[in-house]
Amino acid sequence: MQNTTVQRIVVLLLGCILFLCPSFSAMFSPLIFHSSVSKDTISIRLDCLNITGVIRPFGNINDGPLPIKNESSYVDLTDHYRDIGMTSIRTHDLFGPTDMTTIFPDWGADPTNESSYHFETSDPLITSMIHAGCQVFYRLGESAGQNQTLRNPPTNFTKWAEVCTHISMHYNEGWRQGFYYNIVYWEVWNEPDLGGFWNGTADQYYELYHFTADTMKNWNSSLKIGGPCTSSVTNVNYTEGFLQYVKDHDVPLDFFSWHRYANTPFDIYNASRHIRQLLDSYGFPDAENINTEWNLDILTPQRDKDNARNAAFTACCLTVFQDAQLDYAYRYRGNQENNWLMRFLGLDLSLFTYHGVYKRPALTYKVMKDITQDTPLRISTPIMDASAGITYLAGISENHTNISVLVSNFDADDTQYTLEISNLPWNTTYTAVQYLIDETHHLEITNKTTYNTSPYMLTQTLKSNSVHFYRFTNSSVLPVEGPEVAKIPFLLRLPFLDPLARILAIIIVLFILS
């Protein structure tokens, strides 16, 4: 029996033990909070004259807006992406169209010959991203799959880099009846620290990155090239080791990319600050810090990926990202196929169903679009890291017509807070409107009151895994309430099935990555 087979069996057995044995399961399962009330009251004090910058929407997503399958039941998400404020799309896990072996299938072909390339399936997808008003973030490499040959390092790094350059020429310079889309960001490979994507060594990845970055930058210095797209920010080979190689060999590094599927927003906040510190310490202060995949921990139950818990997780994340020294954060993912088994296993991480129905986390992005479009100037708050599970964010419009406040609770106890807003910009009456996202509200207005006093003061209880969004305005225009959201099937609401779903998910993931 081969060593790799033995290793897979050992990992599988360990996974089964961890998720069957309660004493170990508690360390790896998401915390389950029972309804309780915190004895502490949070004081939120906002001064409309104290502005500390601009709120960033972080409207970045993997995949879409075209459906993952060309079938009548699948929906184009272009309008959905516009509605929730998506501004950038990463081209990973489109499962074929933008992968290297689809575009350049014959590795014996001439990389300078137009006839060697096949853009028939990638062009409609890239064009749809542009038409949706989004910037394209192009991942160079292959999607997840079971074809082991696609995980091997290219046999000729120089040729691979030439192919990458010609793909950029097609989309940016009109080469081979192409386009002028000005795609700036180009990411080299995906998760080379995992055997499911890269069967080579770390040193081989360094070399591939070296050849690719040098070749593409020599052709067009305005392109931004980055990597290593590591799945773990604690993997020394793809953090310190990669940065040391890039530094020693004077290789261009425009951005460092990494992934994090986390139990808490605080985990992602810490990971981002860690990467920024590493980049600065290795002499790359201008390199951008880009997360190219994030979401709740993959092994959380499917209901927690679709419900108010993930909406609150998302709201806390989008809040802490403002202070995490992070440049972009690409959520995984926008669309998904209609696969009931994947949903039972908890492996559907999409914001929308395959037929276009919103899930509750998508509503959080809709809120962030309203905040950043209407009230982009950030009102000063303490640094938000979500370490206690509670975050808040506030903004004001440049013309002082609107003020927004977002207060979020992920997995903390029900918590009372007082909201005080001083130096309101109006001497006349104004309207205060409260929206709610929880298990029974899909970004719905729960209160609308007219005031003529300053400062504004309110005391509220923020329940666990809920989101409060406030709009204060002296105009008659208000953010639109959220649409109806997808219902979670009865079977996925049964907690006693979670251990079985986890074990099966581990088996599936190991099978895919084996």
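What this report covers is the structure whose coordinates are included nearby. (Residues numbered from 1 in each chain as written. Predicted model: local features only at pLDDT ≥ 70, side-chain atom pairs only at ≥ 80, totals over all residues. Heavy atoms only, no water.)

## Notes on a nonpolar patch on the surface
- Taken together, the side chains of Leu500, Leu504 and Ile507 present a nonpolar region at the surface, about 220 Å² in accessible area.
- Examined against the element boundaries, isoleucine 507 turns out to sit in helix α14 (residues 498-513). (Patch = residues over 30% accessible without salt bridge, like charges linked within 9 Å, V, L, I, M, F, W, Y side chains within 5 Å. Areas by Shrake-Rupley, 256 points an atom, 1.4 Å probe, with all protein chains shown as cover. Salt bridge = Lys/Arg side-chain N within 4 Å of Asp/Glu carboxyl O. Helix = DSSP H or I, 4+ residues; strand = E, 2+ residues; numbered from the N terminus.)

## Some thoughts on the environment of tyrosine 354
- Considering the arrangement of structural elements, one finds tyrosine 354 in the loop between α12 (340-344) and α13 (360-374).
- Beyond its immediate chain neighbours, meaning those up to four positions away, tyrosine 354 contacts Ser73, Tyr74, Val75, Gln336, Glu337 and Asn338.
- Here the side chain of tyrosine 354 touches asparagine 338 through a polar contact of 3.4 Å, side chain to side chain. (Contact = heavy atoms within 4.5 Å. Polar contact = N/O pair within 3.5 Å; in protein donor to acceptor, adjacent residues only side chain to side chain.)

## Structural notes on the packing of aromatic side chains
- Per the stated rule, a full pass over the model turns up 42 aromatic pairs.
- Centre to centre, the rings of tryptophan 160 and tryptophan 189 are 5.7 Å apart; their planes meet at 45°, and the pair counts as tilted. Here the residue tryptophan 160 occupies a position in helix α6 (residues 157-172), and tryptophan 189 occupies one in the loop between β6 (185-188) and α7 (202-219), the gap between them amounting to 29 residues. A single burial state applies to tryptophan 160 and to tryptophan 189, both of which are buried.
- Summarising the aromatic geometry, the rings of tryptophan 198 and tyrosine 205 are spaced 6.0 Å apart at their centres and angled 90° between planes, so their arrangement reads as edge-to-face.
- Judged by its relative accessible area of 0%, tyrosine 205 falls in the buried class.
- Each member of the aromatic cluster is reached from another via a ring pair, and the members are Phe104, Trp107, Tyr117, Phe119, Tyr138, Tyr171, Trp175, Phe179, Tyr181 and Trp186.
- Over the ring of tryptophan 294 we find arginine 331; its NZ or CZ atom is 5.0 Å from the centre of that ring. (Phe/Tyr/Trp six-rings, centres within 6.5 Å; stacked < 30°, edge-to-face > 60°. Buried < 20%, exposed > 50% of the residue type's maximum accessible area, 1.4 Å probe, protein only. Lys NZ or Arg CZ within 6 Å of the ring centre and 35° of its normal.)

## Comments concerning the state of the cysteines
- In the structure shown here, the tally under the stated rule is 0 disulfides.
- Of all cysteine sulfurs in the structure, the one in cysteine 317 sits closest to cysteine 316, which takes part in no disulfide; the separation is 7.2 Å.
- Classification of cysteine 316 as buried rests on a relative accessible area of 0%. (Disulfide = S-S within 2.5 Å.)

## Some points on unusual backbone geometry
- A cis amide bond links glycine 64 to the next residue, proline 65, at an omega of 0°.
- Within the fold, proline 65 resides in the loop between β3 (60-62) and α3 (78-84).
- Its identity as a non-glycine residue notwithstanding, glutamate 191 has a phi of 45°, on the positive side.
- Checked against the element boundaries, glutamate 191 lands in the loop between β6 and α7.

## Some words on the side chain of glutamine 322
- Positionally, glutamine 322 belongs in the loop between α11 (308-320) and β10 (328-331).
- Residues in contact with glutamine 322, not counting those within four places in the same chain, are Val54, Ile55, Arg56, Phe58, Met368, Arg378 and Leu393.

## Examining the sheet that holds β3
- Reading around the barrel, the 8 strands line up as β3-β4-β5-β6-β7-β8-β9-β10 and close back on themselves, with parallel pairing between neighbours. For this sheet, the mean angle separating the axes of adjacent strands, direction not counted, is 25°.
- Relative to strand β9 (residues 288-296), strand β8 (residues 255-262) runs parallel, the two being bridged by 8 bridges. Among the inter-strand pairings, tyrosine 261 is bridged to a residue of β9, identified as asparagine 295. (Pairing = 2+ DSSP bridges. Axes fitted to C-alpha atoms, helices over the stretch in contact; angles between N-to-C directions.)

## Details of the pattern of salt bridges
- All told, the structure shown has 20 salt bridges when counted by the stated rule.
- In this structure, glutamate 288 engages lysine 224 in a salt bridge whose closest nitrogen and oxygen atoms are separated by 2.8 Å. With glutamate 288 in strand β9 and lysine 224 in strand β7 (residues 224-230), this residue pair connects regions lying 64 residues apart in the sequence.
- You can call glutamate 288 buried: its relative accessible area is 12%.
- Residue lysine 224 is classed as partly exposed on the basis of its relative accessible area, which comes to 27%.
- Connected via shared salt-bridge partners are Asp306, Arg343, Asp348 and Lys359.

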